[in-house]
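Fold and contact review
Now for the letters of each chain:
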Amino acid sequence: LYDDSERAMAAGSVAHAAIGNHIKGRKLTHEMEPSLDPTIYATARTAYEAFLRWAEMSKLELVATEVSLVSDQLQYGGTIDAVAMINGELSVLDWKASKAIYLEHLIQISAYARLWECGRGAFPGVQEPGSIGAPVKAVHVVRLGKEYADFHHHSWSGAVVAEAQDYFLDLLAAFRRGRKLAKAI
């Protein structure tokens with residue numbers, strides 16, 4: 001039914017959903033999705049357990065989760081996995097159930113940080129410094145292992161995030177130019 005890459009993607013999606021449910025106070029159980037392939041469930045469970053260990057070790061203080069933002073000014077949008085205080089600093093986080101952390105992860109999370117900073121208003125029930133528009137001090141990618149329940153946490157701040165944000169905007173501009181040129185064909 002599934003090839004290896006489809007199985008890995010499905011397990012990553014289930015792990016991501018399990019983290020969201022955990023944050024909302026719901027536990028991951030196989031009964032949540034009885035039609036789910038047992039091996040995909042087991043792989044997702046492993047990644048979810050890695051998240052639980054990382055969250056405990058990092059003393060994660062969530063500000064907001066699954067925040068969908070669109071910026072007319074920047075002309076892009078996205079859904080931020082989490083905004084949290086880590087070591088007293090406002091941070092944007094992304095969970096990845098993958099084999100490694102890739103450049104694309106840094107670019108994506110940095111673009112999300114810019115979205116948060118350019119936003120206006122406050123997230124319901126959140127006080128400063130969690131208000132949308134507050135400066136983000138760091139971005140974090142937490143890679144959750146699907147085989148051994150391991151995790152790898154990587155964070156960036158300052159000039160690296162600014163460079164990744166500029167790189168994203170350059171890629172976005174190139175993509176738009178390409179679409180415009182394609183119309184001429």
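Before reading on, note that the structure itself is shown above.
Notes on the structure in this doc start here. (Residues numbered from 1 in each chain as written. Predicted model: local features only at pLDDT ≥ 70, side-chain atom pairs only at ≥ 80, totals over all residues. Heavy atoms only, no water.)

**Focus on the overall build of the protein chain**
Put simply, the rule reads: For helices the rule is a DSSP run of H or I covering at least 4 residues; for strands it is a run of E covering at least 2, with both sets numbered from the N terminus onward. Burial classes: relative accessible area under 20% of the type maximum marks a residue as buried, over 50% as exposed, and values in between as partly exposed (1.4 Å probe, protein chains only). Residue contacts are counted whenever heavy atoms from the two residues lie within 4.5 Å of one another. All accessibility values rest on the Shrake-Rupley procedure with a 1.4 Å probe; residue burial counts only the protein chains present in the view.
Counting its regular elements, the protein chain contains four helices and five strands. Order of helices (α) and strands (β) in the protein chain, N terminus to C terminus: α-α-β-β-β-α-β-β-α. Going through the 185 residues of the protein chain one by one, you find that 43% of them count as buried. Pairs at least 24 residues apart make up 61% of the contacts formed inside the protein chain by residues separated by at least 6 positions. Accessible area for the protein chain stands at about 10,500 Å²; split by element, carbon and sulfur atoms hold 55% of it.

**A look at the side chain of R143**
Put simply, the test is: N or O atoms within 3.5 Å of each other form a polar contact, as long as, within protein, one can give a hydrogen and the other can take it, and as long as residues adjacent in sequence are counted only when both atoms are side-chain atoms.
Note that R143 resides in strand β4 (residues 138-144). One polar contact links the side chain of R143 to the main-chain carbonyl oxygen of S98, over a distance of 3.2 Å.

**A word on helix α4 (residues 158-182)**
What counts, and what does not: Helix span, as expected, comes to 1.5 Å for every residue beyond the first.
Over its 25 residues, α4 runs 36 Å from end to end, which matches the ideal 36 Å to within 8%, given 1.5 Å per residue. Listing the buried residues of α4 in full gives V161, A164, Q165, F168 and L172. Residues of α4 that are buried make contact with β2 (76-86), α3 (103-118), β4 and β5 (151-156).

**A short note on the nonpolar core**
Put simply, the rule is: Among buried residues, the Ala, Val, Leu, Ile, Met, Phe, Trp, Tyr and Cys ones that are joined through side-chain atoms within 4.5 Å form a nonpolar core.
Residues L69, Y76, I80, L90, V92, W116 and V139 are the most contacted members of the largest nonpolar core, which totals 29 residues. Elements supplying a minimum of two residues to this core: β1 (61-71), β2, β3 (89-96), α3, β4 and α4. Per-element accounting of this core gives the leading share, eight residues, to α3. Beyond its immediate chain neighbours, meaning those up to four positions away, L69 contacts G77, G78, I80, L115, W116 and I132.

**Considering helix α2 (residues 38-58)**
With 21 residues, α2 extends 30 Å between its outermost C-alpha atoms, agreeing within 8% with the 30 Å of an ideal straight helix rising 1.5 Å per residue. Turning to α2, its buried residues are I40, Y41, A44, T46, A47, Y48, A50, F51, W54, A55 and S58. K59, located one to two residues past α2, shows a positive phi value of around 55°.

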